[in-house]
Amino acid sequence: MIYIYNDFGGTHTTSLAAAYHLKKLDETRKPTENEILNTHNFNKLVYQDRGKLYFHGKDEDGNKVYTMGRGRSKILVPGIFNVIDMLMENELLNEKIILSNTSPTVPFSMTCGGMLSRWLKIDFLGVPLLVIGAKQAYQDIINLVHYTKQTAHSSKSQIVMLDNKNFK
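Now for a quick tour of the structure. All residue numbers refer to position in the chain's written sequence, counted from 1. With pLDDT at 70 or above as the cut-off, local features in this predicted model cover only qualifying residues; side-chain atom pairs require 80 or more to be listed or tallied, and sums for whole chains, interfaces and linings still use all residues. Hydrogens and waters are ignored; side-chain quantities use all the structure's heavy atoms.

**Description of the sheet that holds strand E3 (residues 64-69)**
Cut-off, in case you're wondering: Two strands pair if DSSP finds at least two bridges between them. Helix and strand assignments come from DSSP, with helices taken as H or I runs of at least 4 residues and strands as E runs of at least 2, each series counted from the N terminus. Fitting a line to C-alpha atoms yields each axis, with helices limited to the stretch in contact; the angle taken between N-to-C directions then spans 0 to 180 degrees.
Here five strands make up an open sheet; going across it, the order is E2-E3-E1-E4-E5 and the pairing mixed. A single partner strand is all that each edge strand has here, and the edge strands are strand E2 (54-58) and strand E5 (159-162). If you compare each strand with its neighbour and ignore which way they point, the axes differ by 15° on average. In terms of strand pairing, strand E1 (residues 2-7) meets E3 through six bridges, oriented parallel. Looking across to E3, one finds that aspartate 7 is bridged to glycine 69.

So, in structure tokens, the structure goes:
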């Protein structure tokens, strides 16, 4: 199985979701500032990185976990879904794929922090807001990861696209 967590920039909630999925962050408590800032790809990606898949590791069941930023595109994830579906129909791909949107877990502080840090390059203001946002959102991100895994295991479909609007 392949999990692909996606959001606008692919560098904040997606990175945290991948880290929780892979048990690199402790689910029993809020992450520390150091843990957040040292999460793979957290606040590292730029505009040109959107649309790229980033491998974060394999989970305890051997499933691959990726992240991706989609920017403002409303067609990127459905396009990927259609390409995967075509590959499966032509028997060129036989792994189950789960596309999970982490955007609904993004708090306002993280949105502001991301804009300040990634777009305006004002890290001294943006990074503290990102850390605050990551701490605010950690339980929602954990719940989203659990929901994503549960849906992946219970769904009969070979490809699943989760918008996760219930996490707003």
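Okay, back to it.
**Let's talk about the pattern of salt bridges**
Basically, it comes down to this: Definition used for salt bridges: Asp or Glu carboxyl oxygen within 4 Å of a side-chain nitrogen of Lys or Arg. Relative accessibility under 20% of the residue-type maximum defines a buried residue, over 50% an exposed one, and the middle range a partly exposed one, all with a 1.4 Å probe and only protein chains included.
Going through the model one piece at a time under the given rule, you end up with five salt bridges. Across the pair glutamate 35 and arginine 29 runs a salt bridge, and its minimum N-O distance is 2.6 Å. For glutamate 35, a relative accessible area of 24% translates into the label partly exposed. Where glutamate 60 meets lysine 149, a salt bridge forms, and the shortest distance between an N and an O atom there is 3.6 Å. With glutamate 60 in the loop between E2 and E3 and lysine 149 in helix H5 (residues 123-154), this pair connects stretches of sequence that are 89 residues apart. On the accessibility criterion, lysine 149 (15% relative accessible area) is buried. Salt bridges here are not isolated pairs; linked through shared partners, they connect Asp26, Arg29 and Glu35.

**Re the environment of glutamine 150**
Relative to the helices and strands, glutamine 150 resides in helix H5. Distance in space between the C-alpha atoms of glutamine 150 and tyrosine 138 is 18 Å, their sequence separation being 12 residues.

**Here we look at the packing of helix H1 (residues 13-21) against H5**
Stated precisely, the cut-off is as follows: For this classification, under 35 degrees means roughly parallel, over 145 means roughly antiparallel, 65 to 115 means roughly perpendicular, and everything else is oblique. Less than a right angle of anticlockwise turn of the near helix away from the far helix marks a crossing as left-handed, whereas a clockwise turn marks it as right-handed. Residue contacts are counted whenever heavy atoms from the two residues lie within 4.5 Å of one another. Residues are sorted three ways: Asp, Glu, Lys and Arg are charged, Ala, Val, Leu, Ile, Met, Phe, Trp, Tyr, Cys and Pro are nonpolar, and all the rest, Gly among them, are polar.
In contact at an axis separation of 9 Å, H1 and H5 are set at 60° when each is read in the N-to-C sense. Judged by the angle between their axes, H1 and H5 are oblique. Judged by the sense of rotation from one axis to the other, the crossing of H1 with H5 is right-handed. Each of Thr13, Leu16, Ala17, Tyr20 and His21 in H1 lies in contact with H5, whose residues at this interface are Ala134, Tyr138, Ile141, Ile142, Val145 and Lys149. The residue makeup of the contact of H1 with H5, split by class, is eight nonpolar, two polar and one charged.

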